[in-house]
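Chains, contacts and geometry: an overview
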Amino acid sequence: MREEVVALLMVLSYCSAAGPDPEWVSSIYSPQRWDPNHLPAAKDISGQCRSSMKLYINALHNGTLWAAQVWDATGRYSSQFFFGNDFWLGSKRLCSLVRGPYPFVFYQVRVSLDLGMEFTPQAREISLGVCLPDACSTTDLKTLIEATTSNLPNTVAIQRVRPVPGSYSILSDPKLHVLATIGGILIAMMTIGTAYEAILESRAKKFRKHRSNNNEGKMVMKKDEMSKSDEEMMKSMDPCHSMGRMGEMFLSFSILTNGRKILDCGAPAKDSLTCVHGLRFLSLAWVIMVHTYLQIFAIAENKNLRTLTEENFMFQTVANATFSVDSFFFISGLLVAYLFFKSSAKPDSDAALRTPRTLKPLSIEFRDIMTKFFTFLGYRFIRLTPAYMFVLGCAGLAMKWLKNNSVFEPISLDNVNCDKYWWRNMLYINSLYPRSEMCMLWSWYLANDTQFYLLGTLLLLLSSRFFRIAASSLVMILISSCVTCAVISVHYEHVVSVKEPFILFDQLYDKPWTRIGPYIAGLFTGWFLHKTKCSIRMSKCVALIGWSISLLVLGALVYGVLDANLGVTGSALYVSLGHTAWGFSLAWIVVACCCGYGGCINSLLSCRLLQPLSRLTYCAYLIHPVVMVMTSFQMEGPLHLHNLLVFILYFGNIVASFLISFFLSLMLEAPVVRLLKVLLTPMMKTSSSE
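Residues numbered from 1 in each chain as written. Predicted model: local features only at pLDDT ≥ 70, side-chain atom pairs only at ≥ 80, totals over all residues. Heavy atoms only, no water.

Summing up its helical and strand segments, the protein has 28 helices and 4 strands in all. Taken over 690 residues, the protein has a buried fraction of 48%. Put simply, of all contacts in the protein between residues at least 6 apart along the chain, 80% involve residues at least 24 apart. Surface accessibility of the protein: about 34000 Å² in total, with carbon and sulfur atoms responsible for 64%. (Helix = DSSP H or I, 4+ residues; strand = E, 2+ residues; numbered from the N terminus. Buried < 20%, exposed > 50% of the residue type's maximum accessible area, 1.4 Å probe, protein only. Contact = heavy atoms within 4.5 Å. Areas by Shrake-Rupley, 256 points an atom, 1.4 Å probe, with all protein chains shown as cover.)

Here we come to the pairing of strand S3 (residues 124-133). By the criterion of burial, S3 is predominantly enclosed, with 9 of the 10 residues buried. Pairing between strand S2 (residues 104-114) and S3: 10 bridges, direction antiparallel. Bridged to Phe104 within S3 is Pro133. (Pairing = 2+ DSSP bridges.)

Attention shifts here to the pattern of salt bridges. Throughout the structure, instances matching the rule amount to 14 salt bridges. Two residues, Glu409 and Arg160, come together in a salt bridge whose shortest N-O distance is 3.0 Å. Placement of Glu409 in the loop between helix H16 (362-405) and helix H17 (414-426) and of Arg160 in strand S4 (residues 155-164) is noted, with a sequence separation of 249 residues between them. With relative accessibility at 25%, the residue Glu409 sits in the partly exposed group. Among the salt bridges present, the one from Arg260 reaches Glu201, with a minimum N-O distance of 2.8 Å. Placement of Arg260 in helix H10 (residues 255-263) and of Glu201 in helix H7 (residues 174-218) is noted, with a sequence separation of 59 residues between them. Owing to a relative accessible area of 33%, Glu201 belongs among the partly exposed residues under this scheme. If you follow the salt bridges from partner to partner, you end up with Arg110, Glu125, Arg160, Arg162 and Glu409 in one network. (Salt bridge = Lys/Arg side-chain N within 4 Å of Asp/Glu carboxyl O.)

On to the state of the cysteines. Should the sulfur atoms of two cysteines be covalently bonded, the bond is a disulfide. In this structure the tally under the stated criterion is 3 disulfides. Between Cys49 and Cys136 runs a disulfide, and the two sulfur atoms are separated by 2.0 Å. Residues Cys49 and Cys136 are joined by a disulfide whose S-S torsion is about 90°; by sign, that bridge is right-handed. Placement of the pair is Cys49 in helix H3 (residues 47-61) and Cys136 in the loop between S3 and helix H6 (138-149), with a sequence separation of 87 residues. Here Cys49 falls in the buried class, since its relative accessible area comes to 0%. Its relative accessible area of 1% is what places Cys136 among the buried residues. (Disulfide = S-S within 2.5 Å.)

Under the counting rule described, the total for this entry stands at 33 aromatic pairs. Linked through ring pairs, Phe328, Phe329, Trp444, Tyr445, Phe452, Phe502, Phe505, Tyr509, Tyr519 and Tyr621 together constitute an aromatic cluster. Seen from the ring of Phe505, Arg435 lies directly overhead, with NZ or CZ sitting 4.8 Å from the centre. (Phe/Tyr/Trp six-rings, centres within 6.5 Å; stacked < 30°, edge-to-face > 60°. Lys NZ or Arg CZ within 6 Å of the ring centre and 35° of its normal.)

Now for the side chain of Asn430. As for its position among the elements, Asn430 is in the loop between H17 and helix H18 (444-463). Of note is the side chain of Asn430, whose polar atom sits 3.2 Å from the side chain of Ser443. (Polar contact = N/O pair within 3.5 Å; in protein donor to acceptor, adjacent residues only side chain to side chain.)

Helix H24 (residues 567-594) packs onto helix H22 (residues 517-532) with a crossing angle of 25° between their chain directions and a minimal axis gap of 8 Å. Here H24 runs roughly parallel to H22, going by the angle between their axes. H22 and H24 meet at a crossing whose hand is right-handed. Along its contact with H22, which presents Gly517, Pro518, Ala521, Thr525, Phe528 and Leu529, the element H24 presents His579, Thr580, Gly583, Phe584, Ala587, Val590, Val591 and Cys594. Taken together, the residues that form the contact of H22 with H24 break down as 9 nonpolar, 5 polar and no charged. (Axes fitted to C-alpha atoms, helices over the stretch in contact; angles between N-to-C directions. Parallel < 35°, antiparallel > 145°, perpendicular 65-115°, else oblique. Left-handed = near helix turned anticlockwise from the far one by under 90°. Nonpolar A, V, L, I, M, F, W, Y, C, P; charged D, E, K, R; others polar.)

A surface patch of nonpolar side chains, amounting to about 450 Å² of accessible area, comprises Val475, Met476, Ile479, Val483 and Val487. Relative to the assigned elements, Met476 resides in helix H19 (residues 467-491). The exposure class assigned to Met476 is exposed, which follows from its relative accessible area of 55%. (Patch = residues over 30% accessible without salt bridge, like charges linked within 9 Å, V, L, I, M, F, W, Y side chains within 5 Å.)

So, on to H18. Along an α-helix, a turn takes 3.6 residues, which lines up residues three or four apart on a common side. Between its first and last C-alpha atoms H18 spans 28 Å; for 20 residues at 1.5 Å apiece the expected length is 28 Å, and the two agree. Burial of H18 is extensive: 16 of the 20 residues sit out of reach of the surface. (Expected span 1.5 Å × (residues − 1).)

Next up on the list: the sheet that holds strand S1 (residues 87-88). Read across the sheet, 4 strands follow the order S1-S3-S2-S4 without closing on themselves; strand pairing throughout is mixed. In this open sheet, the two strands that pair with only one neighbour each are S1 and S4. In this fold H6 packs onto S2, S3 and S4, with an angle of close to 160° to the strand it touches most, S4.

The next thing to look at is the side chain of Arg674. Position of Arg674 among the secondary structure elements: in helix H28 (residues 643-689). One buried charge, Arg674, has no salt-bridge partner; the nearest side chain with opposite charge is Glu197, at 5.0 Å. Within polar-contact distance, the side chain of Arg674 engages the side chain of Asn258 at 3.2 Å. Excluding its chain neighbours within four sequence positions, the residues that come into contact with Arg674 are Leu251, Ser252, Ser254, Thr257, Asn258 and Lys261. (Lys, Arg positive; Asp, Glu negative; His and termini not counted.)

Another point: the nonpolar core. Of all hydrophobic cores here, the largest spans 171 residues; its most connected members are Met53, Tyr56 and Leu529. At 15 residues, helix H11 (residues 275-299) tops the list of elements feeding residues into this core. Once residues within four sequence positions are removed from consideration, Leu529 is found in contact with Leu273, Leu334, Tyr338, Cys534, Val590, Val591, Cys594 and Cys595. (Core = buried A, V, L, I, M, F, W, Y, C linked by side-chain atoms within 4.5 Å.)

Attention now goes to the environment of Ala587. By the element assignment, Ala587 lies in helix H24. Between the C-alpha atom of Ala587 and that of Ala521, which follows or precedes it by 66 residues, the distance is 7.0 Å.

Now for H22. With 16 residues, H22 extends 23 Å from end C-alpha to end C-alpha; this agrees with the ideal 22 Å at 1.5 Å per step. When H22 is considered as a whole, its buried residues turn out to be Gly517, Pro518, Tyr519, Ile520, Ala521, Gly522, Leu523, Thr525, Gly526, Leu529 and Thr532. Looking at the buried positions of H22, the neighbouring elements they touch are helix H14 (322-344), H18, H19, helix H21 (512-515) and H24. Looking one or two places after H22, you find Lys533, whose phi comes out positive at around 55°.

Given below as structure tokens:
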């Protein structure tokens, strides 16, 4: 066995040195070539590390099994460096399994290589995994590598060295204790609420059976013919009798009712916008697809295939997926306006809306508007924030754990930003700050949507008295947003590129003043559907023209960039008008589907099976990046990029995200909505009686 190990090491060493790979590649870290009596920079490393390394190298030269295992668990150059392979990782787990004369630790080293313009136009950073005796520190390892590479003809620089795992302990993190406590309380409430509802359902079943038997024996029993004991028994068995406010609060956490509501695929209300369910789910599926590609790109060894993939015509589906978020903005504006006007038109709507305008002074009406505005805003804040903050805490913890344990280096700074800037997320203002200071980068959408909701709700309330002013304000905001986008694009000489869709993230991508167009399109669409009561007449020719223009615009925005060579001026027009054009194109689809001109597209978007998925999109949007980063960065080695593999992971991400979002909705989103109804219903009854 010993001779076989020695022969294997000699062959591998010879191939590395004499083969087609340059000598410098295999010399970055090569302990099998070191003389144990003359270690590189021996005087600059600690004594314990020096003696441990001497023992290790002697054992390696002598063909000892444990030394060969240490060498084998260490990463090294294999192939495909010039085709994008930056990961020479070895194996952290195998390093921990070595049984030698002393324990071993695993280090991840970031090495910068500059081989000249011909080979590396830009310096390349390599991730090198090293298995070392535990007596050696990060400083010792850095000294060893610097000493062995100092005479190489190419530029080699050590960027950083870190042990994997590091010193962070998630079990001692107070945030974990807080989240675990909150989760425990919620699970306890869900258990109590579910058990309580099960008891009520059992009592209701007995109540119906008793009433049925009573009616069979006595026909219909009149109330004055009941004995007092019979009446008391009937009341005690009635599950709706004296449930109490506390009982209703516990029932808000019941898995039975909440689960049934989420999974309900029954017939929707007559005046509901059923096509929205399909739009919402497909938009989120699009978002997850894009994030799956980014997930794979981050840990792929054959990165050159990314360049080839980006040259594919269909890759524009990924690169131009920013419009998927525009779909969410449009849907949000659509529902806000439609539900507002729908509720305002009800006969039992708020007294302020039913009172003749001339009977109320302007100051009193303005006060009523502001009261409703803060009520709506408060309701939205309470409804969205609990699930949001819970996932934010989980995201911060997950990133801390990954930064400590992963052999990869996630570029996300959630491990730092979530502790420092969580309050920005809570106030929904995080999109106003630079990307480098964001926690949960994907939450910029929630910040923008809340800011749009604030503006849209205020203008909708004003429209009840000053409709023209509110509508004119929206038009002016829309025009100013388009102009602002164009000015920013020209200022930075931005050119739209499939390969760099997020190049101006802080300037163009996430700021509310550049993304409000689809939301305004949704507001106008919601008002139009209410005004026409989803009933308009048009000829088949008009419907065909409308569908053709809409689909043509949507297709051009997504698939018209690759070979367009837009230039600075064309790019300015594209980014300034594209988001708004997307919104108004969706407006036609919704109007056509709601008014009976949707055909098979409406059948698809309104499919009842999409209703549960649509209800889960909020929690799925929150949690899916956390699921993806936890699955990818726990791997010990890179993936070999392939489109089929991407699609398999994509479907897995969708399934996992929606399953987890279902439990998250049962635990937080659905109970909060029911609690708000329990708490606000008495107030609404009181205000209506006054």
